[in-house]
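Structural features, examined
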Amino acid sequence: MAFPVVRIDRAELRFAPRPWPFAQARRADIDAHFATLRRDKPDLWNGRVLLLHEFAIADAVLRGAYLETDFASFIAWRDWGWPDAAMRNCFGQAALRAADDAYLLGVMAGHTMNAGRIYFPSGTPDPTDIVGGAVDLDGSVQRELTEETGLTAADVAPEAGWHAVLAGSRLAMLKVVRSPLPAAALRARILAHLAAEPQAELADIRIVRGPADLDPMMPEFIGDFLTHVWNC
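Since this is a predicted model, take the numbers as computed values, not measurements.

A look at the overall build of the chain
- Scanning the chain from N- to C-terminus turns up six helices and 14 strands.
- A compact globule built from 232 residues would reach a C-alpha radius of gyration of about 17 Å, and the chain, at 17 Å, matches this within 12%.
- The 232 residues of the chain split such that 48% are buried.
- If you take every contact in the chain between residues at least 6 apart in sequence, the share linking residues at least 24 apart comes to 71%.
- Total accessible area on the chain is roughly 10,400 Å²; 55% of this is exposed by carbon and sulfur atoms.
- In the chain, 23 side chains carry a positive charge and 30 a negative one; their mean positions are 2 Å apart.

Pasting the structure below:
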C-alpha cells in the first residue's frame, strides 16, 4: 500500500526538549546494539539528533516539537521496528530536479549506515538546525545537499512548500530544489565533487526520469513521492 503524500505550505517546528523514555529504559540494550554496529562500521559516530515527539497537520501547515537524543538510541529504535509509536523521524530531503525535469538521487557509500540504499540528499535533523528555538528544516535540507553533493544555495532554487510522505514512524519532508543544469551535466558535476572528497557519503548518482528508473534500493516513500509528482 502506498504511503499518503500531503502538500505542506509551511512547517512550524520548535525545539521542546524532554526525556525519551525509550532511550532511558533500554539504555544498556541500545549501547550493546550500537557497539555491534560499530564492529562492522567503525566510522559510525554517536552524535546527537532531533526526533519529533508531537505533531499535527492542519490547513497545509505542519506544526510539531522535537526532542534531542543520541544517534545510538535513534538507530536502535529504527532497527527494532520503531517500538515507541508516538515518535516520528521527521527529516528533510532535497528532491533534486534537473532542468530537463529528471530527478537525481545518491547511492550511499559502503562506509555509511545505509550502504547501497538510494536516497535524495537528506539527514535526520541535529542540534545545529535549532535557530532561536525553532528547528530550521529548510536549512537542514540545504546543509545535507551541500555536504553530500557540493551544491550550494547559489546552485539551486528551492520550490515553495513541501511534500510530506506519512510513512509510519517516518515523516519524510521532501523539498523540490531545481538546478538550471540538465540531468547528465548535473550528475557529472556531482560526480566530480565526490571524486575529490576523501570519504564521500555517496558512491554514485542515479538519474530518474520515470517509473522504469525506480530501484528496489530506494525506500518506498521515495517511490510514492515520485509517483505523486509524476501524476500531478
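A look at helix α6 (residues 220–231)
- In this model α6 runs 17 Å from its N-terminal to its C-terminal C-alpha over twelve residues, within 8% of the 16 Å that 1.5 Å per residue would give.
- Those residues of α6 that sit buried are Phe221, Ile222, Gly223, Asp224, Phe225, Leu226 and Val229.

Re helix α4 (residues 137–149)
- Counted at 1.5 Å a residue, the expected span for α4 with its 13 residues is 18 Å, and the 18 Å between its end C-alpha atoms agrees.
- Taken together, the buried positions of α4 are occupied by Leu137, Ser140, Val141, Arg143, Glu144, Leu145, Glu148 and Thr149.
- Near the N-terminus of α4, the side chain that reaches the backbone nitrogen of aspartate 138, with its oxygen 3.3 Å away, is that of aspartate 136.
- In the segment just after α4, glycine 150 is the residue with positive phi, at about 85°.

Observations concerning the environment of arginine 48
- Along the chain, the position of arginine 48 falls in strand β3 (residues 48–58).
- Among the residues examined, arginine 48 registers a relative accessible area of 42% and is labelled partly exposed.
- For the pair arginine 48 and histidine 193, spaced 145 residues apart in the sequence, the C-alpha separation amounts to 27 Å.
- Polar side-chain contacts of arginine 48 include one of 3.0 Å to the side chain of glutamate 68.

Considering the side chain of serine 169
- Turning to its location among the elements, serine 169 is positioned in the loop between β12 (162–167) and β13 (170–178).
- Sequence-distant contacts of serine 169, defined by excluding residues within four places in its chain, comprise Trp77, Trp82, Met87, Arg88 and Asn89.

Some remarks on the nonpolar core
- Residues Tyr103, Phe120, Met173 and Phe225 are the most contacted members of the largest nonpolar core, which totals 52 residues.
- The dominant element in this core, judged by the number of residues it contributes, is β13, at six residues.
- In contact with tyrosine 103, not counting residues within four places along its chain, are Ala95, Leu96, Arg97, Phe120, Val176, Arg206, Ile207, Val208, Phe225, Leu226, Val229 and Trp230.
- Among the nonpolar cores identified, the runner-up in size contains 18 residues, and Phe22, Phe71, Ala76 and Met87 belong to it.

Let's talk about the packing of helix α2 (residues 27–40) against helix α3 (residues 71–79)
- At a closest axis distance of 9 Å, the pairing of α2 and α3 adopts a crossing angle of 90°. Viewed along their axes, α2 and α3 adopt a mutual orientation that is roughly perpendicular. Contact residues: α2 offers Arg27, Ile30, His33, Phe34 and Leu37, while α3 offers Phe71, Ala72, Ser73, Ile75, Ala76 and Asp79.
- Broken down by class, the residue content of the contact of α2 with α3 amounts to seven nonpolar, two polar and two charged.

A short note on the layout of surface pockets
- Its boundaries defined by the atoms lining it, the largest pocket holds a volume of some 1,200 Å³.
- Lining the largest pocket are 39 residues, and of these Phe71, Ser122, Gly123, Thr124 and Glu201 lie nearest its centre.
- At the level of secondary structure, the elements contributing two or more residues to the lining of the largest pocket comprise β3, α3, β5 (89–97), β8 (122–123) and α4.

Overview of the packing of aromatic side chains
- Applying the stated criterion to the full structure yields eleven aromatic pairs.
- Ring centres 6.3 Å apart and planes at 50° place the aromatic pair phenylalanine 74 and tryptophan 77 in the tilted group. Placement of the pair is phenylalanine 74 and tryptophan 77 together in helix α3, with a separation of three residues, close to one helical turn. Each of the two residues, phenylalanine 74 as well as tryptophan 77, counts as buried.
- Ring geometry for phenylalanine 91 versus phenylalanine 221: centroids 5.8 Å apart, planes at 70°, classification edge-to-face. Pair noted here: phenylalanine 91 is in strand β5 and phenylalanine 221 is in helix α6, with a separation of 130 residues, a long-range link. Each member of the pair, phenylalanine 91 as well as phenylalanine 221, is classed as buried.
- Among the aromatic side chains, those forming a connected cluster through ring pairs are Trp20, Phe22, Phe34, Phe71, Phe74, Trp77, Trp80 and Trp82.

The rules we used
Residues numbered from 1 in each chain as written. Predicted model: local features only at pLDDT ≥ 70, side-chain atom pairs only at ≥ 80, totals over all residues. Heavy atoms only, no water. Helix = DSSP H or I, 4+ residues; strand = E, 2+ residues; numbered from the N terminus. Rg over C-alpha atoms; globule rule 2.2 N^0.38 Å. Buried < 20%, exposed > 50% of the residue type's maximum accessible area, 1.4 Å probe, protein only. Contact = heavy atoms within 4.5 Å. Areas by Shrake-Rupley, 256 points an atom, 1.4 Å probe, with all protein chains shown as cover. Lys, Arg positive; Asp, Glu negative; His and termini not counted. Charge placed at Lys NZ, Arg CZ, Asp CG, Glu CD. Expected span 1.5 Å × (residues − 1). Polar contact = N/O pair within 3.5 Å; in protein donor to acceptor, adjacent residues only side chain to side chain. Core = buried A, V, L, I, M, F, W, Y, C linked by side-chain atoms within 4.5 Å. Axes fitted to C-alpha atoms, helices over the stretch in contact; angles between N-to-C directions. Parallel < 35°, antiparallel > 145°, perpendicular 65-115°, else oblique. Nonpolar A, V, L, I, M, F, W, Y, C, P; charged D, E, K, R; others polar. 1 Å grid on protein atoms, 1.4 Å probe; cavity = no way out; pocket = protein on both sides within 12 Å on 5 of 7 lines; lining within 4 Å. Points joined across faces, edges and corners; volume = space filled by probe spheres on them. Phe/Tyr/Trp six-rings, centres within 6.5 Å; stacked < 30°, edge-to-face > 60°.

This is a description of form; function is not addressed.
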